[in-house]
Amino acid sequence: FLLFTRVVFVFVSSVPLCVSFVLSLCSFFYIFPCTMSFMAARQADGVGSKVGSGGVASSAQTNVDRRERLRRLAMETIDLRTDPYFLRNHVGQYECRLCLTVHKTEGNYLAHTQGRRHQQNLAKRSARDAFDKGQARLAQVAASASAVPAVKTPKIGRPGYRVTKQVHPSTGALSLLFQVDLPEADADANPRHRILSAFEQKIDAPPDGRYQYICIACAPYETIAFKVPNMPIDGANDLHFSHWDADRKVLTLQICFVRGARAPAFEDSPPALPGMRMPMAMLPLPPGTY
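Here we summarise the structure given alongside this text.

Here we take up the sheet that holds strand β2 (residues 94-96). The strand order across the open sheet formed by three strands is β1-β2-β3, and the pairing between neighbours is antiparallel. In this open sheet, the two strands that pair with only one neighbour each are β1 (86-88) and β3 (101-103). Sheet twist, expressed as the average angle between the axes of neighbouring strands with direction ignored, equals 30°. Taken together, the three bridges between β1 and β2 define a ladder with antiparallel strand orientation. The residue of β2 that forms the bridge with R88 is Y94.

With that settled, consider the pairing of strand β10 (residues 250-256). β10 sits mainly inside the fold: seven of its seven residues count as buried. The alternating pattern of β10 places V250, T252, Q254 and C256 and L251, L253 and I255 on opposite faces, both of which are buried. Taken together, the seven bridges between strand β5 (residues 174-181) and β10 define a ladder with antiparallel strand orientation. By the bridge assignment, D181 is partnered in β10 with V250.

About the thresholds
- Residues numbered from 1 in each chain as written.
- Predicted model: local features only at pLDDT ≥ 70, side-chain atom pairs only at ≥ 80, totals over all residues.
- Heavy atoms only, no water.
- Pairing = 2+ DSSP bridges.
- Helix = DSSP H or I, 4+ residues; strand = E, 2+ residues; numbered from the N terminus.
- Axes fitted to C-alpha atoms, helices over the stretch in contact; angles between N-to-C directions.
- Buried < 20%, exposed > 50% of the residue type's maximum accessible area, 1.4 Å probe, protein only.

The values are spatial; any link to function lies outside them.
Next comes the structure, spelled out in C-alpha cells:
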C-alpha cells in the first residue's frame, strides 16, 4: 500500500510538468514559422527599411514616380498651344516634331518633354540656331565690308568716234576699226569694251538677232554702242586688238570677223536692195553698262 501510494503521488506530481512540456513543444512549433515569415517579409520589403514602411523603392519604381511627378508638373505649368514641336496627327495621337516620337496622351507627351532625349535635342537645336545666326551675321559683315560703293559721276555727253571698214588683202577677212576720242577722260581712266548680243540690250527694241553690239564705256562719257552684223568674230587672230593711248586720249579697237562669215538671214527679214550695205549706227546705252 505504501508503495502504491508513493507511485500515485509521483504520477500526480509529474502531470503539471508533462503538461507544461507539451505546451512548450506546441508553442515552439507555432511561433517558429511565424517568426520566419515575419523575417522573410522584412527581407522582401528591403534591407534597412522600417516595419510597415513599404520598403526601399527600386530604381525602376523611382523612375516611374519621377516621370509621373514631372508629368503632373508639366501639365500645370506648360501650355501646349505655344509649343512649336507639339503636333496632333490625323489619328488623334500626339507627335514631337523635334524628336520624331508618337505619344498617346498629352500627359505622355509632356513627360517626354521633361526627359533626357528631348532636352538634349533642344540643346542641339539651340546650338545650331546660334551657329546659323553667327554665320549669317559674319556673311553680312563680310558682304558689307567687301561691297564697293557705286561711284556716280555726272555724264558730259557722247565721245567722238571714227569707224573704218577694212578687208584683209590676202585672206579677204572683213574687219572694223573703231577710234574713239576721249579727251576729258580721267588720268587713271581705263576704257572698256564688250560685245553684246541683241537679246542682252534693252535700248534697241524689239531685238533683232541679225545684229550684235560693240559697247565702249569710259567715265565721264556716256556708254556708246555700235550696231554691227551678227557674224562670228575671230578672237584668235592678231588683227583683233584694243589699245588705249593715254597721251592722246584715244581708244583704238579693231575686230576681225571669221573669214567667209556671212550675217544670218531670217525669213521675216526685209529683202536687201541691190548695192545696199549692212547699216551701222551708234546707239546710247544706260550709264555704267559695258
